[in-house]
Amino acid sequence: MTGLRITAVDEKTIEITGIAPVLSHCIFQLPEILRRRESPGIRDRFYQAAQPEDAKVSAEWREISTPELHHLYASAEETVLRDLTGLAEDTVRFPAVHLPAWLTALNQARLVLGELHRVTEADMERIDLDPGAAAKDGALLQIHLLGVLLQLLVDHAQATG
Amino acid sequence: MGSIPIARSIWYLPHVATTQPGTIHLDETETKVDLATPWNVIVHNDPINLMTYVTMVFQRVFGYSRDRAERHMLEVHHKGRSLVWSGGREKAELYVHQLHSHQLLATLEKAES
């Protein structure tokens, strides 16, 4: 994916070009991946407790923080999915103000895949992936591919403040 | 977040009992302890989050320089956790909430006195 680029078309617009078909495939799977965020066993990763050793405090924390986090996650997801309707061939443009939504949606998708497949640090180091043979390898490939795009968007966010 | 959750010790401050005019009796000794004891914001390692993403989040949430943010990120990566901020409970809770909203693994711990 050497052709993948993030460009500021102008102050208000960001363009991603050179989206390889394999990445495009991953991106189009975002709705399905992000839907799993609310699944049992995965949900706790996104709605953490601040003091996990204290059940009462954790329950209070979750009661207060969960609605806002849910709104934030859902809003980012909706924004990115709307932007993706403009994906044509290997290019997509979206308003620069949507960049935080893209960062969080891509990060969420990677985390969902990681939780679904119990990905470890050692898994992330593997280079012998065989997506055709194992679902976990397919998920790791998706995590890495989405990571490449996320990395470029983080670099862009850092460069543009 | 409209109000900060869990900082009951602070919310409870107005709920004091008066025993006689001009005298205020704080009936929760824990309150005084909580206000005096700093709280630590801890970020834990995660196999998925990109190192650059974590650095960016530290810069944005705490206003840290790139160098300082990277130092904390590397501490998380190599040691499994980093104490990224310490101070009053209410602000610590706000920071933890912000870190959670960026999907970083973060907890709140009372600092050892």
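Residues numbered from 1 in each chain as written. Chains lettered and ligands numbered in written order. Predicted model: local features only at pLDDT ≥ 70, side-chain atom pairs only at ≥ 80, totals over all residues. Heavy atoms only, no water.

A. Seen up close, the confidence of the model for chain B. Residue and element names in this part refer to chain B. Across chain B, the average pLDDT comes to 81, with 68% of residues at or above 70. Note that residues 1-19 has pLDDT below 50 and, in this model, 41 contacts with residues that lie over four places away or in other chains. In the predicted complex, the global pTM is 0.85; the interface-specific ipTM is 0.94. (pLDDT = per-residue confidence, 0-100. Contact = heavy atoms within 4.5 Å.)

B. Region of interest: unusual backbone geometry. Residues and elements named next belong to chain A. One non-glycine residue, glutamate 89, lies in the positive phi region at around 50°. Of the residues examined, glutamate 89 reaches a relative accessible area of 78% and is grouped as exposed. Notably, arginine 118 is not glycine yet its phi reads approximately 50°, a positive angle. Residue placement: arginine 118 occurs in the loop between helix 5 (99-116) and helix 6 (121-125). Arginine 118 sits in the exposed class, given a relative accessible area of 61%. (Buried < 20%, exposed > 50% of the residue type's maximum accessible area, 1.4 Å probe, protein only. Helix = DSSP H or I, 4+ residues; strand = E, 2+ residues; numbered from the N terminus.)

C. Summary view of the pattern of salt bridges. Residue and element names in this part refer to chain A. This structure, assessed with the given rule, holds 12 salt bridges over all chains. A salt bridge links arginine 43 to glutamate 38; the shortest N-O distance between them is 2.4 Å. Classification of glutamate 38 by relative accessible area gives partly exposed; the value is 24%. Salt bridges here are not isolated pairs; linked through shared partners, they connect Arg37, Glu38, Arg43 and Glu77. (Salt bridge = Lys/Arg side-chain N within 4 Å of Asp/Glu carboxyl O.)

D. How the structure looks around the interface of chain A and chain B. Contacts between the two partners involve 36 residues from chain A and, on the opposite side, 31 residues from chain B. Both sides of the chain A and chain B interface together cover about 2900 Å² of buried area, and 57% of this is carbon and sulfur. The largest share of the area that chain A buries against chain B comes from Gln48, Trp61 and Gln158 of chain A, three residues that together contribute 22% of it. Where chain A packs against chain B, one counts one salt bridge. Of the charged contacts, one joins arginine 45 of chain A and aspartate 46 of chain B as a salt bridge, the two residues approaching to 2.5 Å between their closest N and O atoms. Along the contact surface separating chain A from chain B lie 17 residue pairs in polar contact (both at pLDDT 80 or more). In terms of residue count, helix 4 (residues 55-84) of chain A provides more of the side of chain A that touches chain B than any other element does, 10 residues in total. (Buried area = accessible area lost by both parts, 1.4 Å probe. Polar contact = N/O pair within 3.5 Å; in protein donor to acceptor, adjacent residues only side chain to side chain.)

E. Up close: the sheet that holds strand 1 (residues 5-10) of chain A. Residues and elements named next belong to chain A. Taken together, three strands build an open sheet; the order of strands is 1-2-3 and the sheet is antiparallel. Strand pairing shows two members of the sheet lacking a second neighbour, strand 1 and strand 3 (92-95), which therefore form its edges. In this sheet, neighbouring strand axes are inclined to one another by 25° on average, regardless of whether the strands run parallel or antiparallel. One ladder, built from four bridges, connects strand 2 (residues 13-17) with strand 3; its direction is antiparallel. When the bridges of strand 3 are listed, isoleucine 16 appears paired with valine 92. Helix 5 rests against strand 2 and strand 3 of the sheet, and its axis sits at about 120° to strand 3. (Pairing = 2+ DSSP bridges. Axes fitted to C-alpha atoms, helices over the stretch in contact; angles between N-to-C directions.)

F. Inspection of the packing of aromatic side chains at higher detail. Applying the stated criterion across every chain, the model contains seven aromatic pairs over all chains. A ring pair is formed by phenylalanine 94 of chain A and tryptophan 102 of chain A, whose centres lie 4.5 Å apart and whose planes are at 15°; its orientation type is stacked. Both residues of the pair, phenylalanine 94 of chain A and tryptophan 102 of chain A, belong to the buried class. Of the aromatic side chains, those joined through ring pairs into one cluster are Phe58, Phe62, Tyr64, Trp85 and Tyr95 of chain B. Here arginine 89 of chain B stacks its cationic end above the ring of tryptophan 39 of chain B, 4.2 Å away from the centre of that ring. (Phe/Tyr/Trp six-rings, centres within 6.5 Å; stacked < 30°, edge-to-face > 60°. Lys NZ or Arg CZ within 6 Å of the ring centre and 35° of its normal.)

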